[in-house]
Number of protein chains: 2
Amino acid sequence: MAGGIGSRFWPMSRPDNPKQFIDILGVGRTLLQLTADRFGDEFAPDHTWIVTSANYQAIVREQLPSLPSDNILLEPCMRNTAPCIAYVIWKIRQRYPDAVVVVSPSDHFVVNTDEFRRIVSQGLDFVSGTSKVLTLGMTPTRPETGYGYIQGGEASEGGILTVKAFKEKPSHDVAIGYLAEGGYYWNSGIFLWEAKTAEAALRKFQPEVAAKIDEMAVDFYTEREAETVERVFPQCPSISIDYAVMEPLGGSDVELLGRKGGVCVLPANFGWSDLGTWGSLHNQLTKDADGNATAGSGNISFIESHDCIVRTSSGLDIVVQGLEGYIVAEDKGTLLICKKDQEQRIKQFSETLKNH
Amino acid sequence: MAGGIGSRFWPMSRPDNPKQFIDILGVGRTLLQLTADRFGDEFAPDHTWIVTSANYQAIVREQLPSLPSDNILLEPCMRNTAPCIAYVIWKIRQRYPDAVVVVSPSDHFVVNTDEFRRIVSQGLDFVSGTSKVLTLGMTPTRPETGYGYIQGGEASEGGILTVKAFKEKPSHDVAIGYLAEGGYYWNSGIFLWEAKTAEAALRKFQPEVAAKIDEMAVDFYTEREAETVERVFPQCPSISIDYAVMEPLGGSDVELLGRKGGVCVLPANFGWSDLGTWGSLHNQLTKDADGNATAGSGNISFIESHDCIVRTSSGLDIVVQGLEGYIVAEDKGTLLICKKDQEQRIKQFSETLKNH
């Protein structure tokens, strides 16, 4: 999934070049490329599918040149994750009826890619031949209020648990309670299922979405696909896969395809962040003794400064003196200096420039 | 005088392009050009003389293209202001024996140029036909500790006073005392005298400097001038015109050229700053309701910020949120963010960059 239009990493991310297409870590690869790299050993290029906005087709082609053009699916508009996933599942099913699918955002960060692949491999084995959905739950390391949580239930094989409940982003106090109680995991938004399970679940719980994708599917892999998708896809309701499928399926005893369904969670510990904000990027970066971090090029000097993150994409030389807890971010002629604890207002800040 | 190598406006000013050659106010003219403009109505180009470092010859020619090349004097090394002024006085005297001269730094700022010209015109009238030196004393508006002070004595014609004493840069408490007592003026470093008075005073109080300039003067306006100056000028002692001439002449009853000498001060009020630091530039700029100022190009947005100065020479768009009393200065790929009250450490800050 690579269709987001993040504004929280402004000025680096902008609607015409959102976060997933940016080398936000300053490592020479964009988040989309790092995500493709992470799956690359397990999944050949023609087994990798990207769903993105029609506006980003050229960027995806440029960043992932080995991907077959059939494998880039273009949404004419944003309809949240359920229609996005339905579109790609239907399309995969036409070519690979027995496929097992990992659904993943393209703009997350994983520290330990070997452990990530081990977990994914275990997950693929677990869901193969079943109607289970397996989500990857991150063992929480702090009472984070920016993530949804998954409450684990009964233990199953290999450390995998049934899902007792999905929890919305909690307050700080509630998050502290989750950590104290134990058995709660951050919802990474990464999950695995058979394509046929996915299709059956969507047909059962989201018949309106399924009907529209069926209408599109007669033209898949033909010259008419683009035109049909452009006409029909916008008629899908806008709904997230969590609301559409995970929650109704979560606690149920429902059978899908004559097999026992339900959602499980595999607790994992590969070092993960959704990189939702500059602050979460700061959490992931190596910091100096004063808690300052930089990413990318440029010669950065911190003097009497603490807990700052500095990022320049133009390779500026920067001296920062006397700042505590600030973001300093520069991209293509735009510079943001703001308090890290005000980062949720970055979109508002960007709009104060006359020509943002 | 345009030979300084300021480091306090880093990153805008650097040894290869110091403050006087920079459009520090962002008005489209450098300080040198603004200084030349200020005198332009009273002094024709061939009556304007620039003493600078040999390193800056090309910059001066480029910035003041109408200046005759004879009028650009090149110091092979820095010997403070007394040898600098002696050099140009001797040279002017050879061509214009009866010249009246205004000596001025080239990197100061004047708000009211009409009033400036009125004061200079009054001063020229006052010193003509006399052996007096007239300094311009700025009526102080705050207990500034960054300037030297001139204590006025007895009143003379047209508001002009005798000089009772020159005072070094005072402590804050002493400066408050000066303002409370009255009769003290900031020493602007701008002064007027006849060229023959200047020569006589230098011969009397600085015979060593005068001897070296005499040695050089036999080759003035010849092809040998550059070579001779390069050889002899460095032999001058390094001494300021204040110590060399003003102070010994100040309180004395000395006669020069058979005329009564002495230093006087003309109190003036044309809005002046030596632009010694980012803070003094901030004082001069128009500020918004929160005390924030910008100079130069770029689209600057201040949010929850006070008492800041932002200057970009590359036309960056900048959002500043949550800063109180900071300097944000960018020039040619280098960015400085520091507290305004730490600006005296800017040279030290610049040296923390690996390739400053």
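Our structure's up above, just so we're on the same page.
All figures in this text were calculated on a predicted structure; none of them were measured in a lab. (Residues numbered from 1 in each chain as written. Chains lettered and ligands numbered in written order. Predicted model: local features only at pLDDT ≥ 70, side-chain atom pairs only at ≥ 80, totals over all residues. Heavy atoms only, no water.)

Chemist: If you had to explain the overall build of chain A to someone new, which residues and values would you point to?
Modeler: Of the regular secondary structure elements, chain A holds 11 helices and 18 strands. For chain A, the C-alpha radius of gyration of 21 Å lies close to 21 Å, the compact-globule estimate for 356 residues. The principal-axis extent of the C-alpha atoms belonging to chain A is close to 65 × 50 × 35 Å. Counting the 356 residues in chain A, one finds 55% classified as buried. In chain A, of all internal contacts separated by at least 6 residues, the share reaching a separation of at least 24 is 63%. Total accessible area on chain A is roughly 14400 Å²; 48% of this is exposed by carbon and sulfur atoms. Side-chain charges of chain A comprise 33 positive and 46 negative groups, with the mean position of each set lying 3 Å from the other. (Helix = DSSP H or I, 4+ residues; strand = E, 2+ residues; numbered from the N terminus. Rg over C-alpha atoms; globule rule 2.2 N^0.38 Å. Buried < 20%, exposed > 50% of the residue type's maximum accessible area, 1.4 Å probe, protein only. Contact = heavy atoms within 4.5 Å. Areas by Shrake-Rupley, 256 points an atom, 1.4 Å probe, with all protein chains shown as cover. Lys, Arg positive; Asp, Glu negative; His and termini not counted. Charge placed at Lys NZ, Arg CZ, Asp CG, Glu CD.)

Chemist: Residues and numbers for helix α8 (residues 225–232) of chain A, please.
Modeler: Residues and elements named next belong to chain A. Regarding α8, the residues found buried are Glu 225, Thr 228, Val 229 and Val 232. All buried residues of α8 lie within an arc of 100 degrees about the axis, which places them on one face of the element. Residues Ala 226, Glu 227, Glu 230 and Arg 231 are exposed on α8 and point more than 90 degrees away from its buried face. Check the buried side of α8 and you find it contacts β2 (72–75), α3 (81–95) and α7 (207–217). (Arc of directions from axis to C-beta.)

Chemist: A description of the interface of chain A and chain B should follow, citing residues and the corresponding values.
Modeler: Size of an interface: often given as the accessible area lost when the parts come together. Tallying the contact residues gives 29 residues for chain A and 29 residues for chain B. Connecting chain A to chain B are two salt bridges. For the pair chain A and chain B, the number of links is 18 residue pairs in polar contact (both at pLDDT 80 or more). Only β14 (300–303), β16 (317–321), β17 (326–331) and β18 (334–339) of chain A provide two or more residues apiece to the side of chain A that touches chain B. Ranked by residue count, the leading element in the side of chain A that touches chain B is β18 of chain A, at six residues. Residues belonging to the side of chain A that touches chain B are distributed by class as follows: 15 nonpolar, nine polar and five charged. Two elements, β16 of chain A and strand β18 (residues 334–339) of chain B, share four bridges in a ladder whose sense is parallel. Directly across from Val 319 of chain A, in β18 of chain B, lies its bridge partner Leu 336 of chain B. (Salt bridge = Lys/Arg side-chain N within 4 Å of Asp/Glu carboxyl O. Polar contact = N/O pair within 3.5 Å; in protein donor to acceptor, adjacent residues only side chain to side chain. Nonpolar A, V, L, I, M, F, W, Y, C, P; charged D, E, K, R; others polar. Pairing = 2+ DSSP bridges.)

Chemist: Tell me about the relation of the copies chain A and chain B, and please be specific about residues and values.
Modeler: Superposition of chain A onto chain B requires a rotation of 180 degrees combined with a translation of 0.0 Å along the rotation axis, giving an RMSD of 0.1 Å. As the rotation angle and translation indicate, the two copies are arranged about a two-fold axis. Residues of chain A ranked by C-alpha distance from the rotation axis are headed by Leu 323 of chain A, positioned 4.4 Å from it. A share of 100% of interface residues in chain A that are also interface residues in chain B marks the association as one of identical surfaces. (Least-squares fit on C-alpha atoms with pLDDT ≥ 70 in both.)

Chemist: Break down the layout of surface pockets for me, with residues and values.
Modeler: Residues and elements named next belong to chain A. Within this model, the second largest pocket holds a volume of roughly 1400 Å³. Lining the second largest pocket are 46 residues, and of these Asn 80, Thr 81, Pro 105, His 108 and Asp 242 lie nearest its centre. Residue assignment for the lining of the second largest pocket shows that the elements contributing at least two residues are α3, β7 (161–167), β8 (184–194) and α9 (241–250). The residue inventory of the lining of the second largest pocket, partitioned by class, reads 17 nonpolar, 18 polar and 11 charged. (1 Å grid on protein atoms, 1.4 Å probe; cavity = no way out; pocket = protein on both sides within 12 Å on 5 of 7 lines; lining within 4 Å. Points joined across faces, edges and corners; volume = space filled by probe spheres on them.)

Chemist: Describe the sheet that holds strand β13 (residues 293–295) of chain A, with residues and values.
Modeler: Read across the sheet, six strands follow the order β13(A)-β15(A)-β17(A)-β18(A)-β16(B)-β14(B) without closing on themselves; strand pairing throughout is mixed. What marks the edges here is a single partner per strand, and that holds for β13 of chain A together with β14 (300–303) of chain B. In this sheet, neighbouring strand axes are inclined to one another by 10 degrees on average, regardless of whether the strands run parallel or antiparallel. In this sheet, β18 of chain A lies alongside β17 of chain A in antiparallel orientation, the contact comprising six bridges. Note that in β18 of chain A the partner of Ala 329 of chain A across the bridge is Leu 336 of chain A. (Axes fitted to C-alpha atoms, helices over the stretch in contact; angles between N-to-C directions.)

Chemist: So what about the pairing of β16 of chain A? Which residues, and what values?
Modeler: The element β16 of chain A is largely enclosed, with a buried count of five among its five residues. Residues Asp 317, Val 319 and Gln 321 of chain A of β16 of chain A are buried on one face, and the alternating residues Ile 318 and Val 320 of chain A, pointing to the opposite face, are buried as well.

Chemist: Explain the packing of helix α6 (residues 195–205) of chain B against helix α9 (residues 241–250) of chain B to me, using residue names and the numbers behind them.
Modeler: Residue and element names in this part refer to chain B. Between α6 and α9, the least distance of the axes is 10 Å, while the angle of their chain directions is 95 degrees. As far as their axial angle goes, α9 and α6 are roughly perpendicular. Residue-level contacts link Ala 201, Leu 202 and Phe 205 of α6 to Ile 241, Ala 244, Val 245, Pro 248 and Leu 249 of α9. (Parallel < 35°, antiparallel > 145°, perpendicular 65-115°, else oblique.)

Chemist: An account of the side chain of Ser 350 of chain B is needed here, citing residue identities and associated values.
Modeler: Residues and elements named next belong to chain B. Tracing the sequence through the fold places Ser 350 in helix α11 (residues 346–350). Judged by relative accessible area, which is 7%, Ser 350 ranks as buried. A polar side-chain atom of Ser 350 sits 2.6 Å from the main-chain carbonyl oxygen of Lys 347.

Chemist: Can you break down the pattern of salt bridges residue by residue, with the values?
Modeler: In a structure, side chains of opposite charge can pair up when their charged atoms sit close to one another. Inspection of every chain in the model, using the stated rule, returns 40 salt bridges over all chains. Arg 259 of chain A is the partner of Glu 194 of chain A in a salt bridge, and the nearest nitrogen-oxygen pair spans 2.8 Å. Taken together, the positions of Glu 194 of chain A in strand β8 and Arg 259 of chain A in strand β10 (residues 259–260) put the pair 65 residues apart, joining distant regions of the chain. Both residues of the pair, Glu 194 of chain A and Arg 259 of chain A, count as buried. The partner of Glu 115 of chain B in a salt bridge is Arg 118 of chain B, and the shortest N-O contact between them spans 3.0 Å. Residue Glu 115 of chain B and its partner Arg 118 of chain B are located together in helix α4 (residues 113–127), separated by three residues, close to a single helical turn. Here Arg 118 of chain B falls in the partly exposed class, since its relative accessible area comes to 45%. One salt-bridge network, in which partners are shared between bridges, spans Arg 93, Glu 199, Arg 203 and Asp 214 of chain A.

Chemist: Now, about the packing of aromatic side chains: what can you tell me, with residues and values included?
Modeler: The tally for this structure, following the rule as stated, stands at 26 aromatic pairs over all chains. Note on Tyr 87 of chain B and Phe 220 of chain B: the rings are 5.5 Å apart at their centroids and 35 degrees apart in plane angle, and the pair reads as tilted. Residue Tyr 87 of chain B is located in helix α3 (residues 81–95), and its partner Phe 220 of chain B is located in the loop between α7 (207–217) and α8 (225–232); the two are separated by 133 residues in the primary sequence. Of the two residues examined, Tyr 87 of chain B and Phe 220 of chain B, each falls in the buried class. Within the aromatic cluster, the residues linked to one another by ring pairs are Phe 39, Phe 43, Phe 116 and Phe 270 of chain A. A cation over an aromatic ring shows up here: Arg 38 of chain A above the ring of Phe 116 of chain A, its NZ or CZ 5.3 Å from the ring centre. (Phe/Tyr/Trp six-rings, centres within 6.5 Å; stacked < 30°, edge-to-face > 60°. Lys NZ or Arg CZ within 6 Å of the ring centre and 35° of its normal.)

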